[in-house]
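# Results of the structural survey
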Amino acid sequence: MKRELDSELGFSGEEIAACLAREGLLSLELEFTRRCNLRCTYCYASAGEPLDHELPLEAILSVIEQARGLGARRIILLGGGEPLLFPQFEAVVRHAHALGLSQAVFTNGLLLTERLCRFLFEHGVTVAVKRNSASAAVQDSLAGVQGAAAQIRRGLDLLMEAGYPDAAHPLCVQTVLCRPNRDEAAEMWVWARERGITPYFEVLTDQGRAREHPQLSLSPGEIQDIFQTLAGIDRDRFGIRWTPRPPIAGFTCRRHLYSCLVNSQGFVQPCPGVEVAVGNVREKPLAVILRESRVIRGLRRVYDHLAPQCQACQFAGECYGCRGNAYQATGDCFAADPTCWLQQATLGAGRSEA
């Protein structure tokens, strides 16, 4: 079974090429509020309290309709904080469902109930639960709230009781790889695979609250070791083959070719990591913002603009690392990804040849 460049959250190369040709969207990432019931030490958004002038329900529904008009087929419900804290969350899901859009929600799982899990299942929503450790002590420490681990596990149990996962209802666990969970990554990966749950293990982005906790970061070499271990497990135990490369184990991030983010205040960004506001949906239609943005247009041709060591990489044209980590480290969204062990090896080869 080959899973190269594929995931329940992704699109085929043919679909992406067609999207680029029509200058449209395949998916939209949507934040609702920065309000959150956790204080995760690694949080890219430093979530906790809501921001001023967050979008009302009517504006959110309009953005979804605009995205559909641009060809979007999937809405990623990020929340920004915890999406289930948004009072009209279910109204958003119902609206997107009525428009024929698939949906995926990223949640910490604490607010999941039996009724809500059934609601998500009935509306065909893919659910990704943030689970960073099998150890209650480590999970609670990373979440910044005592008792979070037990509530996360309860949420996962409720989702499975509701029918997740099956072919039409994927269930994921999202794990941010960091020093506290480094040694249990393999165990957590196997735990998910054995239950039919998709492991979504990603590299820590050095932004938001993570900058207050530099001890969480792993070196590129440590990330390489983890990815290679996970690839070996998939190959030998589950018959799933993929090439280890950052920023997500088993998947390749290509969101900049077909997606964008609308945050809770209406600002449009390329993604959560590239914190460049290219417009606001309160002021201009989404189609106009995307068409006029030099940043968005440049990222749609990202392979042409990458740093020389990335263009010299063996995976050039297939992978572009994490544009968020590149932007956070350098201020340039086309710079080399500092968490990528492949670009470091290319740099080293270049120095030795010189």
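Below: a short report on this structure. Residue numbers run consecutively from 1 along every chain, following the written order of its sequence. Owing to the predicted nature of the model, reporting of local features is limited to residues with pLDDT of at least 70; listing and counting of side-chain atom pairs is limited to 80 or more, with chain, interface and lining totals taken over all residues. As a rule here, side-chain values cover all heavy atoms of the structure and leave hydrogens and water aside.

## Here we look at the sheet that holds strand E4 (residues 125-130)
What counts, and what does not: At least two bridges found by DSSP between two strands is the condition for calling them paired. For the purposes of this entry, the term helix denotes a DSSP run of H or I that reaches at least four residues, the term strand denotes a run of E that reaches at least two, and both are numbered from the N terminus.
Read across the sheet, nine strands follow the order E6-E5-E4-E3-E2-E1-E7-E8-E9 without closing on themselves; strand pairing throughout is mixed. At either end of the open sheet lies a strand with only one pairing partner, and these are strand E6 (198-203) and strand E9 (279-280). Here strand E8 (residues 267-269) runs beside E9; their pairing, made up of two bridges, is antiparallel. Bridge pairing in E9 links Phe 267 to Asn 280.

## Remarks on unusual backbone geometry
Along the chain, Tyr 164 connects to Pro 165 via a cis peptide bond; the corresponding omega equals -15 degrees. Inspection of the secondary structure assignment puts Pro 165 in the loop between helix H6 (148-161) and strand E5 (171-177). Residue Pro 247 follows Pro 246 across a cis peptide bond; omega there is 10 degrees. Along the chain, Pro 247 turns up in the loop between helix H8 (220-238) and strand E7 (261-262). Positive phi, close to 55 degrees, is recorded for Glu 23, a residue that is not glycine.

## Quick word on the environment of Gln 151
Test applied: Between buried and exposed lies partly exposed: a residue is buried under 20% and exposed over 50% of the maximum accessible area for its type, with that area taken using a 1.4 Å probe on protein chains only. The contact rule is simple, with two residues in contact once any of their heavy atoms fall within 4.5 Å.
Within the secondary structure, Gln 151 is located in helix H6. Given the relative accessible area of 35%, Gln 151 is considered partly exposed. A C-alpha to C-alpha distance of 15 Å links Gln 151 and Arg 39, two positions 112 residues apart in sequence. Those residues within four positions of Gln 151 in sequence are excluded, and the remaining contacts are Gly 109 and Leu 110.

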